[in-house]
Amino acid sequence: MVGKRSAWALRAGELRVPRPGAAVAPRVRCPGGIISVECAEIFKLLDGERKPESEVAQGSEEVGKAMVRELVHSFLMDLCCSLKHGITFCDPSLGTSGKGGNVVLLHFLLGLRTAAEDQVVADLLVNILKVCPDLLDRYFKETRYSFVPRVTSAWMGNVRLLKKICEAQPDISKSCKTSEFIPLPGLLSVAMVTTVPAVRNIIMLSKGLNLPSTVVKHSILSLVSMVLRRALRNTEHRLSEATWPRSQMYTLPAAQEFVQLCREAVSEVLPDMNNLVAVWQSLLKQKREPTDGPAEPKEGDVSTVKTRGDRDRSC
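Structural notes, computed from the coordinates.

Criteria and thresholds
- Residues numbered from 1 in each chain as written.
- Predicted model: local features only at pLDDT ≥ 70, side-chain atom pairs only at ≥ 80, totals over all residues.
- Heavy atoms only, no water.
- Phe/Tyr/Trp six-rings, centres within 6.5 Å; stacked < 30°, edge-to-face > 60°.
- Lys NZ or Arg CZ within 6 Å of the ring centre and 35° of its normal.
- Salt bridge = Lys/Arg side-chain N within 4 Å of Asp/Glu carboxyl O.
- Helix = DSSP H or I, 4+ residues; strand = E, 2+ residues; numbered from the N terminus.
- Buried < 20%, exposed > 50% of the residue type's maximum accessible area, 1.4 Å probe, protein only.
- Contact = heavy atoms within 4.5 Å.
- Polar contact = N/O pair within 3.5 Å; in protein donor to acceptor, adjacent residues only side chain to side chain.

## Overview of the packing of aromatic side chains
The relation between two aromatic rings is expressed through the spacing of the ring centres and the mutual angle of the planes.
Piece 1. A full pass over the atoms with the stated rule returns 2 aromatic pairs.
Piece 2. Grouping aromatic residues by their ring pairs yields a cluster made of Tyr139, Phe140 and Phe147.
Piece 3. Lying over the aromatic face of Phe258, Arg238 brings its terminal NZ or CZ to 5.6 Å of the ring centre.

Printed below as a string of structure tokens:
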């Protein structure tokens, strides 16, 4: 497999890249959008219906499908997640510079349409965005997944995928560890890419808190908690006495100004604090109230609602 060699090769008819020293540009052009989409489709074609292990062991066809899925997954991990041999490259600005970026890899990500329901595909998607955080904003803006709060199991699946993607990102933004001087507004833009992805905005969070579903509210509060925790770690790192004295570009007043800008930027994407605290206290009260016997399903809970969105993961 590719991971055991010093160079990677992609076969599609007579298409190959045999040289380990090949530059990024030809490696990116080599797979092309069509080939990447075809590789992604293999997951969907071979996924099929889940069967018990006993039945899978008896069917050589199912065993073969599982083997092909594993091989394709391993190959795509090397192709899309290796900075040395793959088609990835590092963008220090995390996509905030306005450049085109890795369009081939972005189109491949958008072709992974079963990530919310297929663990193997989700693992590939999360790892690619972990290596290439510069694709985060564009992926969330162009993906077919909808993160607008709804009382459906499809939305819950999309949110679980969103959490996996965000949790894979570093707690402390790379911008806070840069050795190059970046003006504070630009530094803030880079930090916000992984601290508050574009999809987590005030409209989404406020709507989720106003829905009657307890499950949806829990999910929204979890997202808010993730944003606040990551913002806190970034500001603490920037103000740390062990950090700013080593910086030759940023003084303590500059670090304090950055922290203030970060706090203001985060506050702009959070819902009304009074509403946020009220929902949190309401959920705590419900949790503390004693119950006699099993809890009855409440109106608006995801488990009691069946909609067309359950049939379409992208809705």
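## Examining the pattern of salt bridges
Piece 1. Taken as a whole, this structure holds 4 salt bridges when the rule is applied.
Piece 2. Salt-bridge contacts for Glu142 lead to Arg138; the nearest nitrogen and oxygen are separated by 3.5 Å. Of the two residues, Glu142 and Arg138 both sit in helix α7 (residues 136-142), 4 residues apart, roughly one turn of that helix.
Piece 3. A residue is classified by how much of its surface remains accessible, and Glu142, at 40% relative accessible area, is partly exposed.
Piece 4. With a relative accessible area of 31%, Arg138 lands in the partly exposed category.
Piece 5. The partner of Asp171 in a salt bridge is Arg233, and the shortest N-O contact between them spans 2.2 Å. Of this pair, Asp171 sits in the loop between α8 (153-168) and α9 (184-195) while Arg233 sits in helix α11 (residues 214-239); the two residues are 62 residues apart in sequence, bridging distant segments of the chain.
Piece 6. Within this structure, Asp171, Arg230 and Arg233 form a network of salt bridges that share partners.

## Focus on the environment of Val227
Piece 1. With respect to the secondary-structure elements, Val227 resides in helix α11.
Piece 2. For the pair Val227 and Val266, spaced 39 residues apart in sequence, the C-alpha separation works out to 7.9 Å.
Piece 3. When neighbours within four sequence positions are excluded, Val227 is seen to be in contact with Thr195, Val196, Arg200 and Val266.

## Here we look at the side chain of Asp91
Piece 1. Tracing the chain through its elements places Asp91 in the loop between α4 (60-81) and α5 (103-110).
Piece 2. The class for Asp91 is buried, based on a relative accessible area of 16%.
Piece 3. At 3.1 Å, the side chain of Asp91 and the backbone nitrogen of Gly95 are in polar contact.
Piece 4. The contacts of Asp91, once residues within four sequence positions are left out, are Ser97 and Asp134.

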